[in-house]
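Spelled out, the chains give:
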Amino acid sequence: MPKYPDPDMLQGTLDMLILKTVASGPIHGYGIAMRIQQITQDVLRVRQGSLYPALYRLERKRWIDYDWGTSENGRRAKYYRLTKQGRKQLATETENWDRLSTAVNRLLQTT
Amino acid sequence: MIRLPGRTGIRSLWGRRLREYEMDEEMMFHLSRLIEDNLEAGMSPAEARRVALRDFGGICQLKEECRQASGFRFIRETRQDLHYAVRQLLHNPGFAFLTILVLALGIGANTASVGVIDQLIFRPLPVLEPERLVSISQSSYLDYVDIRNDGQVFSDVAATDFAGYEVWDSDHSRNLSVRSVSANFFDVLGIKMAAGRSFYPEEDRL
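On a predicted model such as this, the values are computed, not experimentally measured, just so you know. (Residues numbered from 1 in each chain as written. Chains lettered and ligands numbered in written order. Predicted model: local features only at pLDDT ≥ 70, side-chain atom pairs only at ≥ 80, totals over all residues. Heavy atoms only, no water.)

**Q** Give a detailed account of the overall build of chain B, specifying residues and quantitative values.
**A** For chain B, the helix and strand inventory stands at eight helices and two strands. If you list the helices and strands of chain B from N to C, you get α-α-α-α-α-α-α-β-β-α. For chain B, the residues scored as buried account for 20% of the 206 residues in total. For chain B, long-range pairs separated by at least 24 residues make up 41% of all intrachain contacts whose partners lie at least 6 apart in sequence. For chain B, the accessible surface area stands at approximately 16000 Å², while carbon and sulfur atoms represent 61% of it. (Helix = DSSP H or I, 4+ residues; strand = E, 2+ residues; numbered from the N terminus. Buried < 20%, exposed > 50% of the residue type's maximum accessible area, 1.4 Å probe, protein only. Contact = heavy atoms within 4.5 Å. Areas by Shrake-Rupley, 256 points an atom, 1.4 Å probe, with all protein chains shown as cover.)

Below, the structure is given as structure tokens:
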């Protein structure tokens, strides 16, 4: 398998990516992995080995919850959705990320 | 009024088994989607399955990581259950008092009867015919001689008393707590010596 940047690289980045993906409506684990891959145009690939432990961790923190639903192919699937606390957390993490990336960019762009 | 546990109660009672089941189903769903993708990409069914399993990685290890990631939930649910129980009891002090009273009486009666049965049946005194043994307290040596010589009531009578002795060992002294007994003490109790002999009758004459 080709090497992709691992979203786990920066601690907490994966959580933020998952929260953001779940924020746009109920979605199952497979869907989350696919959407992250599509939107980042294959730059970020979330492996199952990181995705599911992260989902269970976020659920424990009550940032996401789930319901069982029927998927596009007619199978029963676990659909995750953002909770109120999750929405707050996503806002905080997005803000932190903006500050961090702006700072890093600024540093990199100095000549 | 007694309220039945609601959704959270049921969820924590059956929680662990349900979570395992849900975890399995979730992973199987993901795997089936990977297989479908591979089939669409033109792989044979066998190959599609093999590649999907390879890409998915070790399922057992993944499940264990997921369990750990959600681990503290069990503790939290137990705490919620305790809170719920205490709240219910406070809500209904009469019922709580009755429950505690019934439990206390039940446990107390059981403990008492088990204690007696334990002594009588399961752990009799380690002597011959313990049911025929009686103890007479606080009698003098003369009483003892009288009771023994009377011979009407008891088949035999032995005497015992606590005593303290100071023992010298070159230049150290030690206090020993001992029991002085009449020569027939071991015969009365029916205790056999593992080695050596017990006292001869003439050995306890004053």
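**Q** Just give me the short version of the sheet that holds strand β1 (residues 27–28) of chain A, but keep the residues and values in it.
**A** Residues and elements named next belong to chain A. Spatially, three strands are ordered β1-β3-β2 in an open sheet, and the strand pairing comes out antiparallel. On the outer flanks of this sheet lie β1 and β2 (64–70), each paired with one strand and no other. When β2 meets strand β3 (residues 76–82), the two strands line up antiparallel, connected through seven bridges. Paired with D65 across the two strands is R81, which belongs to β3. (Pairing = 2+ DSSP bridges.)

**Q** Go over the nonpolar core, please, and point to the residues and values.
**A** One finds A:I18, A:V22, A:I32, A:L51, A:Y52, A:L55 and A:I64 to be the most contacted residues of the largest nonpolar core, which totals 39 residues. When contributions to this core are tallied by element, the ones reaching two or more residues are α1 (13–23), α2 (29–39), α3 (48–60), β2 and β3 of chain A together with α2 (15–40), α3 (45–56) and α4 (59–69) of chain B. The contact partners of A:I32, leaving out residues within four places of it in the chain, are A:I18, A:T21, A:V22, A:I27, A:L51, A:L55 and A:Y80. (Core = buried A, V, L, I, M, F, W, Y, C linked by side-chain atoms within 4.5 Å.)

**Q** Now, about the confidence of the model for chain B: what can you tell me, with residues and values included?
**A** Overall, the predicted model of chain B reaches an average pLDDT of 81, with 88% of residues at or above 70. Of the regions scoring below 50 in pLDDT, residues 1–10 of chain B engages in ten contacts with residues more than four places distant in sequence or in other chains. (pLDDT = per-residue confidence, 0-100.)

**Q** Account for the side chain of B:S198, naming residues and giving values.
**A** With respect to the helices and strands, the residue B:S198 is situated in the segment after α8 (185–189). Ignoring sequence-local partners within four residues, the contact set of B:S198 consists of B:A183, B:F186, B:M193 and B:E203.

**Q** Outline the pattern of salt bridges, listing residues and values.
**A** By the definition in use, this model includes 14 salt bridges over all chains. A salt bridge links B:R67 to B:E20; its shortest N-O distance comes to 2.6 Å. With B:R67 in helix α4 and B:E20 in helix α2, this residue pair connects regions lying 47 residues apart in the sequence. By relative accessible area, B:R67 is classed as partly exposed at 30%. A relative accessible area of 28% places B:E20 in the partly exposed class. One salt-bridge network, held together by shared partners, links A:D65, A:D67 and A:R81. (Salt bridge = Lys/Arg side-chain N within 4 Å of Asp/Glu carboxyl O.)

**Q** Describe α2(A), listing the residues and the values that go with them.
**A** For α2(A), the set of buried residues is A:G29, A:Y30, A:G31, A:I32, A:A33, A:I36 and A:Q37. A:Q41, located one to two residues past α2(A), shows a positive phi value of around 50°.

**Q** Give me the lowdown on the interface of chain A and chain B, citing residues and values where you can.
**A** Listed by partner, the interface residues are 26 residues for chain A and 27 residues for chain B. If you sort the residues of chain A by the area they bury against chain B, A:Y30, A:Y56 and A:R60 come out on top, with a joint share of 31%. When the shortest N-O distance is used, the salt bridge between B:E26 and A:K78 registers 3.4 Å. At the boundary of chain A and chain B, one finds twelve residue pairs in polar contact (both at pLDDT 80 or more). Put simply, the parts of the chain that give the side of chain A that touches chain B at least two residues each are α2, α3, β2 and β3 of chain A. In terms of residue count, α3(A) provides more of the side of chain A that touches chain B than any other element does, nine residues in total. Residue classes in the side of chain A that touches chain B are distributed as eleven nonpolar, six polar and nine charged. (Buried area = accessible area lost by both parts, 1.4 Å probe. Polar contact = N/O pair within 3.5 Å; in protein donor to acceptor, adjacent residues only side chain to side chain. Nonpolar A, V, L, I, M, F, W, Y, C, P; charged D, E, K, R; others polar.)

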